[in-house]
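Each chain, written out:
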Amino acid sequence: MLSYDELTPPERELWDAFPEGRRVDLRTGTPEADDPAAGAQWGPERSVRAAVVAALLLGANDERSGAVAALLLTGARITGRLDLSGAEIRHAFSLDGCRFEEAVSMWGASTRTIGLANSWVPGIDAGLARIEGALDLRRSAIEGGSLTLVNARVAGELVLTDTRISGPGEWAVLAGGLVMEGGVFASQLTTHGGLRLPGAQLPRGLFLQGARLENPGGVALAAGHVAASTVDCSQGFTAQGAVRLRSARIADLLTFEGAHLNGYGTALVCTAMQVGDFDFRPAEPPSGTVDLRSAQASWCQDSERGWPDEVLLEGFTYGSIRFGETACADGVAAGGEGTPEGERTSAREGTPAGDEVARRLAWIRRNPGYAPQPYEQLAGRYRQMGHDGDARRVLLAKHRHRRRTLHPAGRVWGQLLDATVGYGYRPWLAGLWLIALALLGTLVFGSHSPTPVKQGEGPPFQAFVYTLDLLIPIGGLGQRAGWYWTDSGPQWLAYVLIAAGWVLTTAVVAGVTRTLNKN
């Protein structure tokens, strides 16, 4: 047990101020001399033992009534290890602008608001801690050790604004299972090592605007199965490593507007994610693949310039999707004012910017291989909007893409269906083919003389009616059965017209049926 006589002058000052909650300020007033990064040189006049801090927080000298006891200390060098593991701390404490010689341990502790702002700390372990207030680490530097909040519970906010964390291994922040009642505010956070938040509950959101997470070749942000209202990775957010949001549940907004995603191989993983609004307009295309397989978004806003060359889209569903504006090199928004409508193009795909269907199809083709679901999803979206023609364009593109995966005979047959009836989505092509074949048959048959099946019986030969009789597979006009050819040329043409008539008439009927039963 510490005695008052053993305390140094700065420790006595802190001891006397604690019962009244007064702040003790040991700074000199010179910014360079008060920088905690250089605090290893601070002498005894600015040093406080960690044992004294722990004794006060654990109940020493808190018997004075009429005031709220609190430990408020600024500009001190904390010597020794501050170990509050498993403690029940009834007082708020703030160590502002301090330098800690050793890592801080609050593992399993129960405490109120903790302030370690503007400080230099070799590591903080608050795993399983219960903090009935805020945890404020703004503008601090955690170097040589990680920030650990595994399975911790924080009733207030976690503030990491302008904080620098350099972990010793792969992870700078370990916060799996973290339960927050307030928000996590980490704008301008810088880490050397990844930020790990699997299974965290963040009902007030995770805000990483302008943060820089560096774990090259590894994972910069691991937030699989996280439950959050908002995840804001905008305003220059930079990830040197992969961002993983597998099976995340984000109720409101996930945004990467103005972000830099520099993961190796796969830059962003959002498989099986559920999100309300998904804003994917990064400052530049990610350096690796974006994986959206089986993700669900109620609303999606993206930029065609923001997607990488490979996007995994199979199973990705959305209620609504639209292209947003992005800034070009000259400062004019793509497709914005000042660009003639006829000259607006996609710099990446070379398609007219006004032709959204072509731009969306170019986006789908970034998915490697052939997958029908992205086409069906986009077509369904156009049907819901009442744009049935656009939906047919998408489905036609689906069949053309699939054709490239078939064996040679299948590709030939697909080419035939495409050229004649557009796979049934362009039935008017069948009508054009019927007209062209009718004219061809009329010219060919009109220049030859057929032989009647029975002399003196049946109607006289009429080339046009005979051609129609061949092309119409159902019923008859009385010409086909009454005449035959001795010349091989007209006879083979007759066979071709019969076969074409079956194919084209069926396509016309299917096209009309589809039109009358539009979704």
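Going by the structure above, here's the rest.
This write-up is about the structure you can find in this document. Computed from a predicted structure; not experimentally measured.

Reading the values: rules and limits
- Residues numbered from 1 in each chain as written.
- Predicted model: local features only at pLDDT ≥ 70, side-chain atom pairs only at ≥ 80, totals over all residues.
- Heavy atoms only, no water.
- Helix = DSSP H or I, 4+ residues; strand = E, 2+ residues; numbered from the N terminus.
- Buried < 20%, exposed > 50% of the residue type's maximum accessible area, 1.4 Å probe, protein only.
- Contact = heavy atoms within 4.5 Å.
- Areas by Shrake-Rupley, 256 points an atom, 1.4 Å probe, with all protein chains shown as cover.
- Phe/Tyr/Trp six-rings, centres within 6.5 Å; stacked < 30°, edge-to-face > 60°.
- Lys NZ or Arg CZ within 6 Å of the ring centre and 35° of its normal.
- 1 Å grid on protein atoms, 1.4 Å probe; cavity = no way out; pocket = protein on both sides within 12 Å on 5 of 7 lines; lining within 4 Å.
- Points joined across faces, edges and corners; volume = space filled by probe spheres on them.
- Nonpolar A, V, L, I, M, F, W, Y, C, P; charged D, E, K, R; others polar.
- Core = buried A, V, L, I, M, F, W, Y, C linked by side-chain atoms within 4.5 Å.
- Expected span 1.5 Å × (residues − 1).
- Salt bridge = Lys/Arg side-chain N within 4 Å of Asp/Glu carboxyl O.
- Axes fitted to C-alpha atoms, helices over the stretch in contact; angles between N-to-C directions.
- Parallel < 35°, antiparallel > 145°, perpendicular 65-115°, else oblique.
- Left-handed = near helix turned anticlockwise from the far one by under 90°.

### Quick notes on the overall build of the protein
- Of the regular secondary structure elements, the protein holds 9 helices and 36 strands.
- Scored against the burial criterion, the 519 residues of the protein give a buried share of 49%.
- Pairs at least 24 apart in sequence give 46% of the contacts found in the protein among residues at least 6 apart.
- Approximately 23,400 Å² of the protein is accessible, and the part contributed by carbon and sulfur atoms is 53%.

### Regarding the packing of aromatic side chains
- By the definition in use, this model includes 8 aromatic pairs.
- When the centroid spacing of 6.1 Å and the interplanar angle of 65 degrees are considered together, the rings of phenylalanine 256 and phenylalanine 280 count as edge-to-face. Of this pair, phenylalanine 256 sits in the loop between strand S27 (249-255) and strand S28 (260-261) while phenylalanine 280 sits in strand S30 (residues 274-280), placing them 24 residues apart in sequence.
- Assessed through its relative accessible area of 0%, phenylalanine 280 is described here as buried.
- The structure contains a cluster of three or more aromatic residues connected by ring pairs, namely Phe256, Phe278, Phe280, Trp307, Phe316, Tyr318 and Trp363.
- The ring of tryptophan 42 has arginine 46 sitting right over it, with the charged end atom 3.8 Å from the ring centre.

### A closer look at empty space enclosed by the protein
- Applying the stated rule across the entire model yields 2 cavities of 30 Å³ or more.
- When its volume is computed, the largest cavity comes out at roughly 70 Å³.
- Lining the largest cavity we find 13 residues, and of these Leu158, Leu160, Val184, Leu195 and Leu197 sit closest to its centre.
- The residue makeup of the lining of the largest cavity, split by class, is 13 nonpolar, no polar and no charged.
- As for the second largest cavity, its lining consists of Leu313, Phe316, Tyr318, Trp363, Gln373, Pro374 and Gln377.

### Describing the nonpolar core
- Core analysis: the largest hydrophobic core is formed by 113 residues, its most contacted members being Leu73, Leu178 and Phe256.
- Sorting elements by how many residues they give to this core places helix H2 (residues 50-57) first, with 7 residues.
- Ignoring sequence-local partners within four residues, the contact set of leucine 73 consists of Leu14, Arg23, Val24, Leu26, Val48, Ile78, Ser94, Leu95, Asp96 and Cys98.
- By size, the runner-up hydrophobic cluster in this structure holds 14 residues, among which are Leu470, Leu471, Ala494 and Ala500.

### Some thoughts on unusual backbone geometry
- The phi angle at asparagine 151 is positive, at roughly 60 degrees, despite the residue not being glycine.
- Mapping asparagine 151 onto the fold places it in the loop between strand S15 (147-148) and strand S16 (153-154).
- If you check the backbone angles, serine 247 has positive phi at about 60 degrees while not being a glycine.
- Accessibility expressed as a relative area gives 14% for serine 247, which makes it buried.

### Looking at helix H3 (residues 356-364)
- Most of H3 is tucked away: 8 of the 9 residues are buried.
- Taken residue by residue, H3 has Val357, Ala358, Arg359, Arg360, Leu361, Ala362, Trp363 and Ile364 as its buried positions.
- On its buried side, H3 packs onto strand S32 (296-302), strand S34 (317-323), helix H4 (372-384) and helix H5 (388-403).

### Some remarks on H5
- Given a rise of 1.5 Å per residue, 16 residues ought to cover 22 Å, and the 23 Å separating the end C-alpha atoms of H5 matches this to within 8%.
- Every buried residue belonging to H5 is among Asp388, Ala391, Val394, Leu395, Leu396, Ala397, Lys398, His401 and Arg403, and all of these are buried.

### Notes on the pattern of salt bridges
- In total, this model carries 16 salt bridges according to the counting rule given.
- We note a salt bridge from glutamate 101 to arginine 77, for which the minimum N-O separation is 2.3 Å. Placement of the pair is glutamate 101 in the loop between strand S6 (99-100) and strand S7 (104-105) and arginine 77 in strand S4 (residues 77-79), with a sequence separation of 24 residues.
- Taking relative accessible area as the criterion, arginine 77 reaches 18% and is therefore assigned buried.
- The partner of aspartate 388 in a salt bridge is arginine 392, with the nearest N and O atoms 2.6 Å apart. Of the two residues, aspartate 388 and arginine 392 both sit in helix H5, 4 residues apart, roughly one turn of that helix.
- What makes aspartate 388 buried here is its relative accessible area of 12%.
- It is possible to trace a salt-bridge network through shared partners that takes in Glu257, Asp279 and Arg281.

### What about the packing of H3 against H5?
- Running from N to C, H3 and H5 cross one another at 30 degrees; their axes reach a closest spacing of 10 Å. Considered as vectors, H3 and H5 are oriented roughly parallel to each other. Crossing of H3 against H5: the hand is right-handed. Across the interface between the two elements, Val357, Ala358 and Leu361 from H3 touch Asp390, Arg393, Val394 and Ala397 from H5.
- By residue class, the composition of the contact of H3 with H5 is 5 nonpolar, no polar and 2 charged.

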